[in-house]
Amino acid sequence: MDEDDAIQILDGCGFHTKIHLRSLVQKCLLTIREKKLRMHDLLQEMAREIVRRENLSEPGERSRLSFYKDVRKVLKYNEGANKVIGLKGFFPETREKSFSTKALARMSKLRILQLRNADFVGSFEHFSKELRWLCWERYPQVSIPSSLNLKKLVVLRLRNRKLKYIWDVSKVLKNLKVLDLSDSHDLIKTSDISEELPEDLGNMESLKELNIGCTAIKHLPMSIGHLKNLTDFSWNNERSLLESPSTHDLSPLWSSASVKVLNLSYCNLSDNSFPRGLSGLPNVEMLLLRGNTFHCLPTCLSQLRKLKELDVSECDLSGTTGPMVVSFPSLDKLNLSKNNFSNLPVDLSFLPSKTQVIIHECKKLQAIEVESHTEYSVANCTSLERVTFKGGIFNFLGTGFTWFFAAFLFQKYHGCKKLAEIQGIFKLKPLSTAQLAKLEHLFRLKSLLNKQLHFYNISTLTWIKGCPVQGLSDYGSRIYSIFLPERMIPDWFNHQNNGGRMVVDVPQGKSFQRLLICVVYCSMKDPDSGYPVLSMAMKDDFNLSNYQQEYIPMFFGYHAKDEVMWVSYWRAPSLVNECRKLRVKVKTRGSQFLMLKGIGLRLLHEDELDQQLSGEQPEQPPDPATLRSFWI
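Given the structure is predicted, the values throughout are model-derived calculations rather than measurements.

Caption draft 1: Main features of the packing of aromatic side chains. The final tally for this structure, using the stated rule, is 20 aromatic pairs. Taking the centre distance of 6.1 Å and the plane angle of 80 degrees together, the rings of phenylalanine 455 and phenylalanine 483 count as edge-to-face. With phenylalanine 455 in strand 23 (residues 453-457) and phenylalanine 483 in strand 26 (residues 479-484), this residue pair connects regions lying 28 residues apart in the sequence. Comparing phenylalanine 455 with phenylalanine 483 shows no difference in burial state: the two are buried. Each member of the aromatic cluster is reached from another via a ring pair, and the members are Tyr68, Phe91, Phe99, Phe120, Trp136 and Tyr139.

Structure, rendered in structure tokens:
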């Protein structure tokens, strides 16, 4: 349940709600997240059982009714009593849902009524006068019965597609704090004037939230500026209602300085028709402009110094004029999703470091440069190839090369199927003709020029298919990898074993600086739900592990019909020279999609660093500098 709704309803019943909510949170009986009240399922079930035991055989004698069968029985057979203070009845469209108002007449203490797909026949004259919250979704009538006594009502939500007329609510709803008439597409008359709210709306001094989104209302009364407590105003449309230009007149709203939340989504606001008077609302903290048609951010928005959340998704932002320098000193969240820019339309360096930037489904975005301290999310940007950082190279390597790191990237870049580089994390690039020639000589291979592999990106869960041989630099250039369509491990890997694991005795008295690991595998099925993991463990004289590390490549090669050789080039951990045994193992996490054919290892020490690869010395290991040139 919404926190604000709960506070307003219970305050209207005479409770000191904020104090009681704070007490429940301190006792861990309630949590509040994103303005929503949440309670553990077991606590809710216990509360329902306590209510059920008020009267096991007669539901109408209980204080609260929420189970479908109980509510239907009470309403169908008029079994309600004056003990009922809350009723929630959600009825499926295919079931009987028409009842007599006599079923409600006996509930004289009813305070909370929540209905969906329900209809009542008869007079509401004897309806409860204690009602505080009325939420009626898919209300079936074209108007609200004038006999309905709502003088104590605090929250009125009537969301439906049939409501056309309402009486002058300001005359009878003096205590109303929330008025929600959204989704009433045919609502055209609320007073003697069509398509306009009543002029005496300004007399509703308690009103805090007004929602007339997706209605036929086109004009606001000038008196709306008198609503000194109005903090939340919505006049949004739906995408399906954008066939004709909006004729909303927003001018009366500019004098309502108390507004903090303003929703003008899908209102056909453009570069030429954007309301400049918006800058006259200095206290706006949340501004929702989704689905409008301006190509650049209106400059007047920079005057909203208290703005905390701005949604300009689906606004056809192009960014052709370059990134705008817009300062929002209080901004916590910026949503730029589903726009047409190829470059960011906003200079992120001028945003507070705490700002969360959401960039989803921007199909033309090819590269972005963000501040290293910015919290951002880039998902399903199908043309994105490169991410760089303005404030320095991103570094997230303190926890090692684990699945947690891959999961961290997945949250940010899911669905970016062309992403090949994140500065300081990974870079995948095709090898040059000269580099391919070196590989052919090094591994005694035939021409690699026309060889192709598929590459699976585990940080985005997407494919790059039909690629030439690629070089992968991973985890801040600590590990380099190449994937080749080859099945034989070269002889100069002096430690080899079948399968995917081996244990090697580490020679003493030498300083090892590099590791070369070679793995040959074939694919049994598509790797959509798994990925390979290369783990390393080092043990001392007592056979105790004093170093463990896992490496998950951000990309790995895949061939449906042939083996793949994975060669990885590591900077050796310093502890390798203090250990007696080195254990290397390759496994798959998630789906078992790989069959491991063989594994090879070569330790490179200082004496080998100056050796060069030549045709006369095929038994020599490759020079590390030569290997490194494949990736940089």
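Caption draft 2: Structural context of the pairing of strand 26. With six of six residues buried, strand 26 lies mostly within the body of the structure. Burial along strand 26 is two-sided: the residues Ile479, Ser481 and Phe483 and Tyr480, Ile482 and Leu484 are all buried. Relative to strand 26, strand 25 (residues 470-474) is paired through four bridges, and the arrangement is antiparallel. Residue pairing for strand 26: aspartate 474 is matched across the bridge by isoleucine 479. In textbook terms, the turn of a hairpin is the stretch between consecutive antiparallel strands, and for strand 25 and strand 26 this stretch comprises four residues, one of which, tyrosine 475, has a positive phi near 50 degrees.

Caption draft 3: Geometry of the sheet that holds strand 29 (residues 512-523). Spatial ordering of the open sheet is given by 18-20-21-22-25-26-33-29-35-27, a layout of ten strands whose pairing is mixed. The sheet terminates laterally at strand 18 (367-370) and strand 27 (495-498), the two strands that pair on one side only.

Caption draft 4: Representation of the packing of helix 1 (residues 3-12) against helix 2 (residues 17-26) within the structure. Interaxial distance between helix 1 and helix 2 falls to 9 Å at its minimum, and their mutual angle equals 125 degrees. Between helix 1 and helix 2, the crossing angle belongs to the class labelled oblique. Contacts from Ala6, Ile7, Leu10 and Asp11 in helix 1 reach Thr17, Lys18 and Leu21 in helix 2. Split into classes, the residues belonging to the contact of helix 1 with helix 2 amount to four nonpolar, one polar and two charged.

Caption draft 5: Representation of the sheet that holds strand 32 (residues 555-558). Spatial strand order, 24-23-32: three strands in an open sheet with antiparallel pairing. Each end of this open sheet is capped by a strand with a single partner; those strands are strand 24 (462-467) and strand 32. On average, each strand axis in the sheet is inclined to that of its neighbour by 25 degrees, with strand direction left out of account. Bridge count between strand 23 and strand 24: four bridges; the pairing is antiparallel. Each residue of the ladder has a partner; that of tyrosine 456, found in strand 24, is tryptophan 463.

What counts, and where the lines are drawn
Residues numbered from 1 in each chain as written. Predicted model: local features only at pLDDT ≥ 70, side-chain atom pairs only at ≥ 80, totals over all residues. Heavy atoms only, no water. Phe/Tyr/Trp six-rings, centres within 6.5 Å; stacked < 30°, edge-to-face > 60°. Helix = DSSP H or I, 4+ residues; strand = E, 2+ residues; numbered from the N terminus. Buried < 20%, exposed > 50% of the residue type's maximum accessible area, 1.4 Å probe, protein only. Pairing = 2+ DSSP bridges. Axes fitted to C-alpha atoms, helices over the stretch in contact; angles between N-to-C directions. Parallel < 35°, antiparallel > 145°, perpendicular 65-115°, else oblique. Contact = heavy atoms within 4.5 Å. Nonpolar A, V, L, I, M, F, W, Y, C, P; charged D, E, K, R; others polar.

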